[in-house]
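Architecture and fold: a report
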Amino acid sequence: MTTIGTNLQDVHQRIAAACAHAQRRVNEVTLLAVSKTFGPQAVREAHAAGQAAFGENYIQEAVEKMALLADLPLQWHCIGPVQSNKTRLVATHFDWVHTVDRLKTAQRLSDQRPPALAPLQVCIQVNIDGGANKAGVVPQEAAALAQQVAALPRLQLRGLMAIPEPASADEALAVHRASRALFDQINRSGLLAQPLDTLSIGMSADLEAAVRAGSTMVRVGSAIFGSRAR
Ligand SMILES: *Cc1c(COP(=O)(O)O)cnc(C)c1O
C-alpha cells in the first residue's frame, strides 16, 4: 500500500474512534481529502485507496489538476476564497463550494452555473471565532444569508463551514460547538424549507474535537498527503 493509502486508513481510524467516543455513527462524518499543492499523482493514489471527494483552495491550480484527472469519477469541493473574477471557473468546474460568505458571490455562482450541470452544492462560511479581517459571515448574519442563498435557483444550500484559528484541544472543542449550535439554531428556526445537512468543520489537527462537536464533514490535508511546502 502507498503512504497515502496508509495515511487514509489512519485518518479513517481517527474518525471512527472519535465517532465511537461521541456515540455517533461513523457514516455521519464524510472525509474530504484536501489536495491543494499536491499534484495529480497524489490524487490518483488517494482515489486508488478509495477516496473520491477532494478539496482545493486555489481555483486555477484546481482546474488544471481536474483536467489531468478527468478520467476519474471525482467530486471537487472549493474550500478557498472565491473572488468575483473566479466565480465562473468555480461554477463551471466544481461540485461544491464551502466558502460563500456574501450574497453577491452566491448570486454570481447561481447565474453562472451551467444548465447541464446539477445545482452547485453550497456551504456558507461563518467567521465563528470572530477573527479580524477573516473571511466568513458573522454568526448573527448567517441565518439571513442562508435564507437568501437557499432561494437561488442553481444553488443547493447544504450547510455551514468554518475555519477557526488553531487552538488548544479545549478551545477547539468550544469553538466547534459554537458552529454546531449555530447550525442547529438555523435548522430549528424554520427559515429554511430544506434543513442544513452539512457542517464542514475539522482539519488534520482538530478533527477529533470537530467530530465530537457534531461535524458532518472533516477537511483533511496534511494527515493524508504529508506536510505542504510553504
Ligand atoms: C488547507 C486546508 C485544510 C486542510 O488542512 P490540514 O491541516 O492540512 O488538514 C482544510 N480546510 C481548509 C479551508 C484549508 O485551507
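In this report, we go over the structure that sits alongside the text. (Residues numbered from 1 in each chain as written. Predicted model: local features only at pLDDT ≥ 70, side-chain atom pairs only at ≥ 80, totals over all residues. Heavy atoms only, no water.)

1. Considerations on the pairing of strand β5 (residues 120–125)
It is a general feature of regular strands that their side chains alternate between the two faces of the sheet. With 6 of its 6 residues buried, β5 lies for the most part within the structure. Across the two faces of β5 the burial is the same, with L120, V122 and I124 and Q121, C123 and Q125 all buried. Pairing between strand β4 (residues 96–100) and β5: 3 bridges, direction parallel. Paired with V100 across the two strands is I124, which belongs to β5. (Buried < 20%, exposed > 50% of the residue type's maximum accessible area, 1.4 Å probe, protein only. Helix = DSSP H or I, 4+ residues; strand = E, 2+ residues; numbered from the N terminus. Pairing = 2+ DSSP bridges.)

2. So, the site of the ligand
Contacts to the ligand come from 13 residues, most closely from K36, N57, S204, S222 and R228. For the ligand, an oxygen atom lies 2.7 Å from a polar atom in the side chain of N57. Side-chain polar atom of R219 to a nitrogen atom of the ligand: 2.9 Å apart, as the coordinates give it. Burial of the ligand by the protein amounts to 89% of the accessible area it has alone, namely 390 Å². For the ligand, the cavity whose grid points lie within 2 Å of the majority of its atoms is the largest pocket. (Near = heavy atom within 4 Å. Polar contact = N/O pair within 3.5 Å; in protein donor to acceptor, adjacent residues only side chain to side chain. Areas by Shrake-Rupley, 256 points an atom, 1.4 Å probe, with all protein chains shown as cover. 1 Å grid on protein atoms, 1.4 Å probe; cavity = no way out; pocket = protein on both sides within 12 Å on 5 of 7 lines; lining within 4 Å. Sits in = over half its atoms within 2 Å of the grid points.)

3. Thoughts on the side chain of T105
Mapped onto the elements, T105 comes out in helix α5 (residues 103–112). If we ignore the near neighbours within four places in the chain, the residues touching T105 are V82 and T87. (Contact = heavy atoms within 4.5 Å.)

4. With respect to the packing of aromatic side chains
The full count for this structure, using the stated rule, is 2 aromatic pairs. Taking 5.4 Å as the distance between ring centres and 25° as the angle between the ring planes, the aromatic pair formed by F38 and F225 counts as stacked. Residue F38 is found in the loop between β1 (30–34) and α2 (40–48), and its partner F225 is found in helix α9 (residues 222–225); the two are separated by 187 residues along the sequence. Per residue, the accessibility class of F38 equals that of F225, and both read buried. Between F54 and W76 the ring centres are 5.8 Å apart and the planes differ by 40°, which places this aromatic pair in the tilted class. Taken as a pair, F54 in strand β2 (residues 53–56) and W76 in strand β3 (residues 75–78) lie far apart in primary sequence, 22 residues in all. (Phe/Tyr/Trp six-rings, centres within 6.5 Å; stacked < 30°, edge-to-face > 60°.)

5. Remarks on helix α3 (residues 59–68)
When α3 is considered as a whole, its buried residues turn out to be I59, A62, V63, K65 and M66. Axial view of α3: buried residues confined to an arc of 165°, hence all on one face. Facing away from the buried surface of α3 by more than 90 degrees, the exposed residues are A67 and L68. (Arc of directions from axis to C-beta.)

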